[in-house]
Protein chains: 2
Amino acid sequence: MNGPIRRVAVVGAGLVGSGWAIVFARAGLDVAIFDESEAIRAAVLDRIAASLDDMRGAGLVADPQPILGRLRVAASLEEAVGEADYVQESVFERVEAKRAISLAIDAVMRPEAVVGSSSSGIPASAFTEECRNRARFLVVHPVNPPHLVPLVELVPAPWTDPELLPWLRGEMARTGQAPIVVNREIEGFILNRLQGALLNEAWALFEDGYASAADIDLTVSHGLGLRWSFMGPFETIDLNAPGGIDDYARRLGPLYHSIARSRTDPHPWSDDLAARAAEERRRALPLKDLPERSAWRDRRLIALAVHRRSQDS
Amino acid sequence: MNGPIRRVAVVGAGLVGSGWAIVFARAGLDVAIFDESEAIRAAVLDRIAASLDDMRGAGLVADPQPILGRLRVAASLEEAVGEADYVQESVFERVEAKRAISLAIDAVMRPEAVVGSSSSGIPASAFTEECRNRARFLVVHPVNPPHLVPLVELVPAPWTDPELLPWLRGEMARTGQAPIVVNREIEGFILNRLQGALLNEAWALFEDGYASAADIDLTVSHGLGLRWSFMGPFETIDLNAPGGIDDYARRLGPLYHSIARSRTDPHPWSDDLAARAAEERRRALPLKDLPERSAWRDRRLIALAVHRRSQDS
C-alpha cells in the first residue's frame with residue numbers, strides 16, 4: 001500500500017501547474033517545481049506569491065509565508081521528480097508533449113511514485129503505454145484554477161494499478177480537493193461531458209434565435225447555477241419531488257426525453273455561429289477587457305470559496 | 001404603454017405563489033393573494049412570515065413587518081384580480097387547470113392588466129387561446145423558490161402583445177428578479193432545456209457505470225457549478241481562451257461536437273435506472289430526511305443570496 005504523500009513534484013508551471021503548487025503547499029506538503037522554460041522557472045514563485053496575496057486579502061489564506069516556504073524551483077526534471085512520492089504533470093495539452101514528458105518522468109521517478117497528468121481531454125492510455133512504470137500513471141484532471149475550484153477527476157488508463165484510486169482519492173481529499181473517480185476512460189471525462197451537454201444546448205438555442213447569449217447566460221448565473229454551486233444535478237432533482245429522484249424521474253423523465261429527442265442531429269459550432277456569439281460578447285465586453293474580467297472571475301471564485309467555507313458542508 | 005405595476009394579484013398560493021408574494025411585497029408593491037383552497041388561504045401569511053423570519057435571521061431582509069403589511073388575502077378571485085395591474089398565476093401544472101384559471105382571471109381582470117403564468121413547461125398558447133384578453137397573457141416562469149433564485153423566463157404566446165415584453169422585463173428587474181426573454185415558445189423553455197441537457201448526460205454516464213451518482217454530483221457542486229453561480233456558460237468559455245468565445249469554439253468545438261455525436265440515440269430514464277439512482281441516493285439520504293435536507297438547501301440559497309449581494313455584480 002502507498003503511504004501518505006510528503007514530497008510532490010509539479011512538472012509544468014503555467015497557470016495550472018502553479019495552481020497545483022499552491023494546493024499541495026497549502027496542505028503542508030513539500031513541493032518541487034520544474035518547468036522546461038527558464039523564464040517560467042524564474043517567474044513562478046512571484047506569480048504564486050501574488051496569488052497567495054489575493055487569497056490572503058480575501059481571508060482565504062491566513063499567512064502566505066509558510067506556504068511559500070514549502071515551495072522550491074528545481075533546476076532539472078530529475079531534481080524535481082527524483083525524490084517525489086507524487087508527480088503532478090501539467091504540460092501543454094498535446095499528445096506528443098504528454099508522451100515525451102511522461103517518458104522523461106518515467107526515466108527518473110521512484111518506481112513507487114505516482115504520476116497524475118492534468119490532461120483535460122487526452123486519456124492516459126494515449127501517452128503512457130510505453131512507460132516502464134505505466135501502472136503508476138493516470139489522469140488527475142483539475143478545474144482551472146485548481147487552488148480555487150476543488151474538483152479533481154481521477155481517470156485510470158486500462159493499465160493503471162486499480163489500488164491507486166482509493167489511495168489517491170484519500171490523498172487528494174486530504175489536500176482539500178474534491179476528487180471523483182471516473183471508472184474507465186471516456187472522451188471528455190465527466191466534467192467536460194456535462195459542460196459540453198449544456199453548451200451544445202446553449203449554442204443550439206442561440207443559433208435558432210430563442211434567446212440572446214446574454215439571456216442564456218443569465219439563465220445559468222441567476223438560475224440553474226445557484227443550486228449547482230452547492231448541490232449536484234442528482235441531489236437537486238432528488239429534493240424536487242416528494243418521493244425523491246425516482247419520483248422525479250417518473251414525473252419529468254418524459255419531458256426531458258422529449259427534449260433530448262429534439263437534439264439527435266448535432267452539428268458543429270460553425271464559424272458563422274461563433275462569430276455571431278462573439279459579436280454579442282464583444283459588445284458586452286471588448287476583447288481588451290478580457291484579462292480584467294478574468295481577474296474579476298478569480299476574485300469571485302476566491303470570495304465564493306470564503307463563502308463556502310463558512311457554510312456547513 | 002403600460003405604467004409601473006402598483007397592485008399585484010397572486011393567484012395560487014402554494015410554494016411558488018407564496019414565494020412570488022414575497023418578491024412583490026419586498027419590492028414595495030401591494031399584493032392580494034387568492035387560492036381556491038380555504039386551508040391555504042388561512043395558512044399562507046403565516047408561512048410567508050416564517051420565510052421572512054429565516055431571511056431576516058440571515059441578514060437578507062431587514063424588517064419583515066413592512067413586507068407583511070403589503071400582503072393581504074382576498075376572499076375571492078375577483079377581489080384579488082379586479083384591481084390588479086399584474087396577475088401572477090401559480091396553480092397546479094396541468095393544462096386543464098391552467099386553462100380554467102386563465103378563463104376565470106380573464107373574466108374579472110382589467111383589460112389593461114397583464115397576466116403571467118408560473119408554468120414551468122406548458123406554453124401559454126396551450127391554455128390562453130380562448131381568453132378575451134389573450135394578448136395580455138404570457139408565461140412568467142420562475143425558479144423555485146422565486147424569492148431566493150431570481151431568474152424569470154418571459155415566454156410569449158404567438159398572440160401575446162410583443163410590446164409587453166420590454167415593459168415586463170423592466171418591471172421584473174425593478175422587483176429584483178433577473179428576467180430573460182424567450183423569443184418564442186419551445187418545449188421546456190430555456191432553463192429546463194439547459195438543465196435537461198446536463199441531466200441527460202449525467203444519467204447516461206451513471207447508467208454506463210462511468211461514475212457514481214455522488215461523484216457526478218461532486219463534479220457539479222465542486223466544479224462546474226462554482227463559475228456558473230456568477231457567470232453563464234458563454235461568458236465562462238469567453239474567458240477561457242485568449243481570443244474569446246470564437247477562439248474557444250475553434251479550439252474546443254470539435255471535442256464537444258464529438259461528445260454530442262456520442263449521444264444521438266437518447267433513451268428514456270428507465271424505471272430500473274431510476275431505481276438504481278434512488279438506491280444510491282437513499283443510502284446517502286433516507287427518504288424521511290428529504291424535508292430536512294430541502295430546508296438546508298433553502299438556508300444555503302439564502303446564504304448564497306447574502307453572499308451574492310456582497311459582490312460587485
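Residues numbered from 1 in each chain as written. Chains lettered and ligands numbered in written order. Predicted model: local features only at pLDDT ≥ 70, side-chain atom pairs only at ≥ 80, totals over all residues. Heavy atoms only, no water.

Going by what an unreviewed UniProt entry lists, chain A is known as 3-hydroxyacyl-CoA dehydrogenase and is assigned to Aureimonas flava. What UniProt states about chain A under its Sequence similarities (unreviewed entry) heading is, verbatim, "Belongs to the 3-hydroxyacyl-CoA dehydrogenase family." (UniProt positions renumbered as here; feature names shortened; annotations may be inferred.)

A.B. asks: Run through the sheet that holds strand 7 (residues 151-156) of chain B, naming residues and quoting values.
C.D. replies: Residue and element names in this part refer to chain B. Strand order across the open sheet formed by eight strands is 3-2-1-4-5-6-7-8, with mixed pairing between neighbours. Of all strands in the sheet, those bounded by a partner on one side alone are strand 3 (71-73) and strand 8 (178-181). Each adjacent strand pair in this sheet contributes to an overall mean axis angle of 25 degrees, direction not counted. Of the strand pairs in this sheet, strand 1 (residues 7-11) and strand 2 (residues 30-34) are connected by five bridges, and their pairing is parallel. (Pairing = 2+ DSSP bridges. Helix = DSSP H or I, 4+ residues; strand = E, 2+ residues; numbered from the N terminus. Axes fitted to C-alpha atoms, helices over the stretch in contact; angles between N-to-C directions.)

A.B. asks: So what about the UniProt feature "domain: 3-hydroxyacyl-CoA dehydrogenase C-terminal" (unreviewed entry) in chain A? Which residues, and what values?
C.D. replies: Within the UniProt annotation, "domain: 3-hydroxyacyl-CoA dehydrogenase C-terminal" (unreviewed entry) is assigned to residues 188-245 of chain A. Taken end to end, residues 188-245 of chain A is 69% helix and 0% strand, and its first and last C-alpha atoms sit 26 Å apart.

A.B. asks: A description of the sheet that holds strand 5 (residues 114-117) of chain A should follow, citing residues and the corresponding values.
C.D. replies: All names here are of chain A. Read from one edge to the other, the open sheet built from eight strands follows the order 3-2-1-4-5-6-7-8, with strand pairing classed as mixed. The open sheet terminates on both sides in strands that have one partner only, identified here as strand 3 (71-73) and strand 8 (178-181). This sheet shows a mean twist of 25 degrees between the axes of neighbouring strands, independent of strand direction. In the sheet, strand 4 (residues 86-89) pairs with strand 5 via four bridges, with the strands oriented parallel. Looking at the pairing, Tyr86 lines up with Val114 of strand 5. Sheet strands in contact with helix 1 (residues 15-26) are strand 1 (7-11), strand 2 (30-34), strand 3, strand 4, strand 6 (137-142) and strand 7 (151-156), and its direction is about 170 degrees off that of strand 1. (Contact = heavy atoms within 4.5 Å.)

A.B. asks: Can you lay out the packing of helix 7 (residues 191-207) of chain A against helix 10 (residues 245-261) of chain B for me, pointing to particular residues and giving the numbers?
C.D. replies: For any two helices packed against each other, one specifies the inter-axial angle together with the distance between the axes. At a closest axis distance of 10 Å, the pairing of helix 7 of chain A and helix 10 of chain B adopts a crossing angle of 110 degrees. As far as their axial angle goes, helix 10 of chain B and helix 7 of chain A are roughly perpendicular. Residues Asn192(A), Arg193(A), Gln195(A), Gly196(A), Leu199(A), Asn200(A) and Trp203(A) of helix 7 of chain A lie in contact with helix 10 of chain B, whose contacting residues are Ile245(B), Tyr248(B), Ala249(B), Tyr256(B), Ile259(B) and Ala260(B). Residues belonging to the contact of helix 7 of chain A with helix 10 of chain B are distributed by class as follows: eight nonpolar, four polar and one charged. (Parallel < 35°, antiparallel > 145°, perpendicular 65-115°, else oblique. Nonpolar A, V, L, I, M, F, W, Y, C, P; charged D, E, K, R; others polar.)

A.B. asks: Please provide a residue-by-residue account of the UniProt feature "domain: 3-hydroxyacyl-CoA dehydrogenase NAD binding" (unreviewed entry) in chain A, values included.
C.D. replies: Per the UniProt annotation, the sites labelled "domain: 3-hydroxyacyl-CoA dehydrogenase NAD binding" (unreviewed entry) are residues 8-183 of chain A. Strand forms 20% of residues 8-183 of chain A and helix 39%; the C-alpha atoms that close the span are 25 Å apart.

A.B. asks: Please provide a residue-by-residue account of the relation of the copies chain B and chain A, values included.
C.D. replies: Superposition record for chain B on chain A: RMSD 0.0 Å, screw rotation 180 degrees, translation along axis 0.0 Å. The superposition operator between the copies reduces to a two-fold rotation axis. Of the C-alpha atoms belonging to chain B, the one lying closest to the rotation axis is found on Thr264(B), 2.2 Å away. Looking at chain B, 99% of its interface residues are interface residues in chain A too, so the copies touch through the same face. (Least-squares fit on C-alpha atoms with pLDDT ≥ 70 in both.)

A.B. asks: Give a description of the side chain of Gln195(A) that names residues and reports values.
C.D. replies: Relative to the elements of secondary structure, Gln195(A) occurs in helix 7. On the basis of relative accessibility, which here comes to 4%, the residue Gln195(A) falls in the buried class. At 3.2 Å, the side chain of Gln195(A) forms a polar contact with the side chain of Asn192(A). Residues in contact with Gln195(A), not counting those within four places in the same chain, are Leu224(B), Arg227(B), Trp228(B), Thr236(B), Tyr248(B) and Tyr256(B). (Buried < 20%, exposed > 50% of the residue type's maximum accessible area, 1.4 Å probe, protein only. Polar contact = N/O pair within 3.5 Å; in protein donor to acceptor, adjacent residues only side chain to side chain.)

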